[in-house]
Amino acid sequence: MTTAGIEKPAPTAPAPDEEPPGASRPERLSALAQQHGALVTLVIAVIAASLSFDTFLTGDNLQNMALSSAFLAVVALGMTFVIVTGGIDLSVGSLFALGGVLAAWGSQYGTLVALLLPLAVCGLIGLVNGLLIARSRLAPFIVTLAAMLGARGILLSVTDEGSKTYLVDKSTFFATLGQDTLFGVGLPVWITAALFVVGALALRRSRFGQYVYAVGGNEDAAALMGVPVARTKITVYTLSGLCAGLAGALNAAWLVSGVTILGSGMELEAISAVVIGGTLLTGGFGFLSGSLVGVLLLKVIQNVINQIGSLDSAYQQVVSGAFLAVVVIAQTWLGRRRKVL
């Protein structure tokens, strides 16, 4: 029992990458493989690609890969928080496209409107997702699937069934956010890097981050420990919607237009990147640095296929799907091995 007026201490969730004292060598090796396997694979892929293609390490190619990775990485950032809690968000692809269209439309009224409008609308949809999942206890798959269809419907309504494309004036400050560079690197890349630093600190060093891990590890136990389970779920789904809307806005600034056909399948790319980076689909384990590595690995694979030239673009999905299957199988095997040991 607790004494009235005395606040219960916040539960201390163990760091997801820390082994218990006295862990055996096989346990440590399994943990390292689960945490850093994607990074090792990325390094090998980059070395192989640079040796095979002369144009891979050129400045233009690296810049294009970095920019295309930035938008997916922002979406994956929000998805990481959701998956660590044991949830899923299928609406981010449609929210990404909707955010881009709203930003392009709002740019005629100034940069502030171009940024705040997609954040407000997409964040609100994420909030509704979180409320339905946390308060009504509906399945995340069903709720976010409905949101995906609803967001796509709003997009079609705003663009007259996709026939209207809103353009961004290149002279506006909003366009410079997507097209200018700093030290030779595009501003969206710097913005993404800053978001990942803040997100990593929030996930690993804040009380909210402890709540996220606790909910994903064991929701019932977390509730008994005093963790605000419902509030944590609502927050992560709202965050996911905000990230998708911001990524869409930055993409619109880069393309100087709100392209309606974008975002299709992006939710699966984001989930793949997060899982490839080491986050468990069952929740309770994951880190943002791994999700960033997963995004980069997917983009390197995509770029290599484009460099080959003779392969159809459909091979990108085949390779990504096969790679994801291998990663999930490896995660399952390593998880069981750690339990056995």
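Keep in mind the model is a prediction, meaning the values are calculated, not measured.

Cut-offs applied
Residues numbered from 1 in each chain as written. Predicted model: local features only at pLDDT ≥ 70, side-chain atom pairs only at ≥ 80, totals over all residues. Heavy atoms only, no water. Helix = DSSP H or I, 4+ residues; strand = E, 2+ residues; numbered from the N terminus. Contact = heavy atoms within 4.5 Å. Expected span 1.5 Å × (residues − 1). Buried < 20%, exposed > 50% of the residue type's maximum accessible area, 1.4 Å probe, protein only. pLDDT = per-residue confidence, 0-100. Phe/Tyr/Trp six-rings, centres within 6.5 Å; stacked < 30°, edge-to-face > 60°. Patch = residues over 30% accessible without salt bridge, like charges linked within 9 Å, V, L, I, M, F, W, Y side chains within 5 Å. Areas by Shrake-Rupley, 256 points an atom, 1.4 Å probe, with all protein chains shown as cover. Salt bridge = Lys/Arg side-chain N within 4 Å of Asp/Glu carboxyl O. Axes fitted to C-alpha atoms, helices over the stretch in contact; angles between N-to-C directions. Parallel < 35°, antiparallel > 145°, perpendicular 65-115°, else oblique. Nonpolar A, V, L, I, M, F, W, Y, C, P; charged D, E, K, R; others polar. Core = buried A, V, L, I, M, F, W, Y, C linked by side-chain atoms within 4.5 Å.

As for the environment of Arg137
Inspection of the secondary structure puts Arg137 in the loop between helix H4 (111-134) and helix H5 (140-158). Residues Arg137 and Ala230, spaced 93 residues apart in sequence, show a C-alpha to C-alpha distance of 9.4 Å. Residues within four places of Arg137 in sequence aside, it is in contact with Leu132 and Glu219.

Some words on helix H10 (residues 229-255)
Taking 1.5 Å of rise per residue, the 27 residues of H10 would be expected to cover 39 Å, and the 39 Å separating its terminal C-alpha atoms lies within 8% of that figure. Across the 27 residues that make up H10, a large majority, 21, are buried. The positive-phi residue at the C-terminal boundary of H10 is Val256, with phi of around 50 degrees.

Quick notes on the confidence of the model for the protein chain
Looking at the protein chain as a whole, its pLDDT mean stands at 85, while 83% of the residues score no less than 70. This model gives residues 1-10 a pLDDT under 50, and the stretch forms seven contacts once residues within four places in sequence are excluded. Counting contacts from residues 18-22, a segment whose pLDDT is below 50, to residues more than four positions away or on other chains yields four contacts.

Observations concerning the packing of aromatic side chains
Evaluated as defined, the whole model comprises five aromatic pairs. Between Phe81 and Phe208, the aromatic rings sit 6.1 Å apart at their centres with planes inclined by 20 degrees, giving stacked as the arrangement. Of the two residues, Phe81 is situated in helix H2 (residues 59-84) and Phe208 in helix H8 (residues 207-217); the sequence distance between them amounts to 127 residues. On the accessibility criterion, Phe208 (23% relative accessible area) is partly exposed.

What about unusual backbone geometry?
If you check the backbone angles, Asp160 has positive phi at about 55 degrees while not being a glycine. Position of Asp160 relative to the elements: it lies in the loop between H5 and helix H6 (173-179).

Side note on a nonpolar patch on the surface
Together, Leu124, Leu127, Val128, Leu131, Leu132 and Leu138 line one region of the surface with nonpolar side chains, adding up to about 450 Å² of accessible area. Among the structural elements, Leu138 can be located in the loop between H4 and H5. Exposure remark for Leu138: the relative accessible area of 41% places this residue in the partly exposed category.

A few points about the packing of H2 against H10
Where H2 meets H10, the axes come as close as 7 Å, and the angle between the chain directions of the two elements is 170 degrees. Between H2 and H10, the crossing angle belongs to the class labelled roughly antiparallel. In contact with Leu67, Phe71, Val74, Val75, Leu77, Gly78, Met79, Phe81 and Val82 of H2, H10 contributes Val236, Tyr237, Leu239, Ser240, Cys243, Ala244, Ala247, Leu250, Asn251 and Trp254. A per-class count over the contact of H2 with H10 returns 16 nonpolar, three polar and no charged.

Focus on the nonpolar core
Val75, Met79, Phe81, Phe174 and Ile271 are the most contacted members of the largest nonpolar core, which totals 73 residues. Among the elements that take part in this core, H2 stands out by supplying 13 residues, more than any other. Val215, Ala222, Val227 and Val229 belong to the second-largest nonpolar core, a separate cluster that totals six residues.

Regarding H4
The terminal C-alpha atoms of H4, which comprises 24 residues, lie 34 Å apart, in line with the 34 Å expected from a rise of 1.5 Å per residue. Of the residues making up H4, those classed as buried are Thr111, Ala114, Pro118, Cys122, Gly123, Ile125, Gly126, Asn129, Gly130, Ile133 and Ala134. Contact partners of the buried residues in H4: helix H3 (92-106), H5, H6 and H10.

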